[in-house]
Each structure stands twice: as C-alpha cells, then as structure tokens.
Amino acid sequence: MNTPTRQKFVVGNWKMHSTTLEAEQLVNGVIHGLSVNNYVTVILCPPFPYLALVRDLLKGTQIALGAQNMYPEAEGAFTGEVSPTMLLDLGREYVILGHSERRHKLGESDSFINQKVECALAAGLNAILCVGETLEQRKANQTEAILDRQLTQGLANVPPEFLSQLSIAYEPVWAIGNALHHESPQQAHDALSLTRKKLSRICGEIRAQQMTLQYGGSVKPHNAAAFLGQPGLDGVLIGGASLKADQFVAIAKAAMGAMKAEVQPS
Ligand code: PGA
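How each quantity is defined
Residues numbered from 1 in each chain as written. Predicted model: local features only at pLDDT ≥ 70, side-chain atom pairs only at ≥ 80, totals over all residues. Heavy atoms only, no water. Buried < 20%, exposed > 50% of the residue type's maximum accessible area, 1.4 Å probe, protein only. Helix = DSSP H or I, 4+ residues; strand = E, 2+ residues; numbered from the N terminus. Pairing = 2+ DSSP bridges. Right-handed = clockwise from strand over helix to strand, strands pointing away. Axes fitted to C-alpha atoms, helices over the stretch in contact; angles between N-to-C directions. Core = buried A, V, L, I, M, F, W, Y, C linked by side-chain atoms within 4.5 Å. Near = heavy atom within 4 Å. Polar contact = N/O pair within 3.5 Å; in protein donor to acceptor, adjacent residues only side chain to side chain. Nonpolar A, V, L, I, M, F, W, Y, C, P; charged D, E, K, R; others polar. Expected span 1.5 Å × (residues − 1). Arc of directions from axis to C-beta. Contact = heavy atoms within 4.5 Å.

Visitor: Which parts of the structure should I look at to understand the pairing of strand 1 (residues 8–13)?
Guide: Consecutive side chains along a regular strand alternate between the two faces of the sheet. Among the six residues of strand 1, six are classified as buried, and the element is accordingly described as predominantly covered. The two faces of strand 1 match: Lys8, Val10 and Gly12 on one face and Phe9, Val11 and Asn13 on the other face are all buried. Strand direction decides the pairing type here: strand 1 and strand 2 (residues 40–45), joined by six bridges, are parallel. Of the residues in strand 2, the one forming a bridge with Gly12 is Leu44. Crossover handedness for the path strand 1 to helix 1 (residues 20–33) to strand 2: right-handed. As defined by bridge partners, strand 1 adjoins strand 8 (residues 235–238) across four bridges and the pair is classed as parallel. When the bridges of strand 8 are listed, Gly12 appears paired with Ile238.

This is the structure:
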C-alpha cells in the first residue's frame, strides 16, 4: 500500500444558509451517510450561529468543524466580528479565508486576507485560503497573474513553520454556483498545477508538494469523481451541494474512492 502524499479534504461551505432545524437534519444526514470515513478529512462549515449546535452533533464522529471567516485580532472593539480565539474556544479547527464572495461582495483586499491568514495560523487554526480569477480576468488571460498576486500577497510574511496548517482552494469565481458554466476537470487540474508552481516559488518545492490543494466551483455528485481523479487535486470545497446531505455524502464517498485508488492502486 502506498502512503497518501497529501491529506484529502471535502469541505462543506454552507454559506448564509440554514435554520436550526435544517442544520440538525443536515448534520445528522451527513453523519449517518458517512459512518465509515476513511482516508478523507470531511469538514462542515456552518454559519456562526449554528457553531455550538453543529459542534455538539459532531461529537464522537470523525467529521471536523470549520468557520467561513474570522477577524484578524484576538479580541477588541470590532462590532459584529468573530476572533480566532473564539473559534478555537468553540471547537472549530478550520477556517475558510479569502472566499471570492468576501473578496468581491464584501471588498476584502489581498492585504486584509493576508492579515487573516497570519492571525489564524498563529492562533493554531488550520486555514483554507481561497484564490481564483473572475470570468473577465480569465477571458483576458490573466489567470496566472491573478493566482500569483493572490498567493504572493495572501501568504506574505507567513512564517514557514505555519505552512503545514494551510491549504489552498482554487475556485474560479465564474464557476461558483454556476452549474451551466463550470470548469472542466482538466482545466481545474491545469489551474492547480499552476497554483502549485506558484507555491513552490513562494514557499519552496517541498512545502508546495506537501500542501493540500482543493478545487471548488459547482462540484456535484455527478462530476465529483472526475475532479477528484485529477492528479494534484487533493480535495473539493462544496457550496450548493453541501446543503443536501445525500449530495454531500456522495461527493465525500467519491473522494474516499479516489483516495483509496491512490493508496491501493490496482
Ligand atoms: P458551489 O460553491 O459548490 O455552490 O459552486 C463553491 C464555493 O463557493 O465554495
């Protein structure tokens, strides 16, 4: 049996969806569907108000908990914000940072996202840094330049010893929530190869090879295996399909199948 080269992730980003009842049903459905959870780190990222509820429901399972955002200070006069200390206190291990909805709808800059990455890693959280180009940028052949900028600025001054707590999610903005116009597995593979090349320049070949790189953008049960079968694609960040337990479970099982094929090639 081969040793897996990198940790595999399936992350459910619920975004601003759910009620208490829906959260309970969704988590219970995922737990029930994933009673055997080999090879893959499954992470649920509910909205802040459902944190304690989801944490309690996940107790005793192998499913991890993540947040969708945080503010880069331990505490202070920041009305409405949530700190890394609070996330750790509430049992969250992971945090998504720099999601395109925060970059483009809430105006977060690369330097602000960089502060969040530094602060999250220093606090002991595992960060998932999202990067990706808009459709206009893709059409103007700027994908490489955008990835370069978002990675270089997003990871500026991050001490190398913290990089083992970091993974990257490449999510082309135009492919998110867009079942009709999404990226092909081959395109995702090419963009992730580019991402790893940039990472190798920023943090060295060894660290770049060790880092988990995920893809996100309309991954659904019918296309998950094709994405997850791409070499160098170590996981998926799921939005819409993470709100349906059966769909999320099917994607997580596709990831487990891909991982099994990697460690036990036929
Ligand atoms: P989607 O969202 O799966 O609905 O495209 C992905 C994301 O925004 O992380």
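Visitor: How should the sheet that holds strand 1 be read in this particular structure?
Guide: In any sheet, the strands associate via hydrogen bonds between backbone groups, in a parallel or an antiparallel arrangement. Pairing in this closed barrel of eight strands is parallel, and the strands run 1-2-3-4-5-6-7-8 around the ring. The mean inter-strand angle of the sheet, taken between neighbouring strand axes irrespective of direction, is 25 degrees. Strand direction decides the pairing type here: strand 3 (residues 64–67) and strand 4 (residues 94–97), joined by two bridges, are parallel. Note that in strand 4 the partner of Gly66 across the bridge is Tyr94.

Visitor: What exactly am I supposed to notice about the pairing of strand 2 here?
Guide: By the criterion of burial, strand 2 is predominantly enclosed, with six of the six residues buried. Burial along strand 2 is two-sided: the residues Val40, Val42 and Leu44 and Thr41, Ile43 and Cys45 are all buried. With two bridges joining them, strand 2 and strand 3 adopt parallel strand pairing. The residue bridging Ile43 from the neighbouring strand is Ala64, located in strand 3. Between the parallel pair strand 2 and strand 3, the chain is carried across by helix 2 (residues 51–58), and the sense of this crossover is right-handed.

Visitor: Would you mind going over the nonpolar core with me for this structure?
Guide: One recurring pattern in soluble globular proteins is that nonpolar side chains are buried together. Core analysis: the largest hydrophobic core is formed by 69 residues, its most contacted members being Val10, Val95, Val117, Leu166, Ile168, Leu199 and Tyr215. Broken down by element, this core gets its largest block of residues, 10 residues, from helix 11 (residues 245–263).

Visitor: I would appreciate a short explanation of the site of the ligand in the present structure.
Guide: All residues in the neighbourhood of the ligand are listed as Asn13, Lys15, His99, Glu171, Ile176, Gly177, Gly217, Ser218, Leu237, Ile238, Gly239 and Gly240. Within the side chain of His99, an N or O atom sits 2.7 Å from an oxygen atom of the ligand. Class assignment for the residues of the shell around the ligand results in three nonpolar, seven polar and two charged.

Visitor: Explain helix 1 to me, please; I cannot follow it from the model alone.
Guide: Spacing of three or four residues puts side chains on the same side of an α-helix, whose turn is 3.6 residues. Here helix 1 is 14 residues long and its end C-alpha atoms lie 20 Å apart, about the 20 Å a rise of 1.5 Å per residue gives. When helix 1 is considered as a whole, its buried residues turn out to be Ala23, Leu26, Val27, Val30 and Gly33. Seen from one end, helix 1 has its buried residues packed into an arc of 135 degrees, which puts them on one side. Opposite the packed face of helix 1, turned more than 90 degrees from it, sit the exposed residues Leu21, Gln25 and His32. Its buried side turned inward, helix 1 meets strand 2, helix 2 and helix 11.

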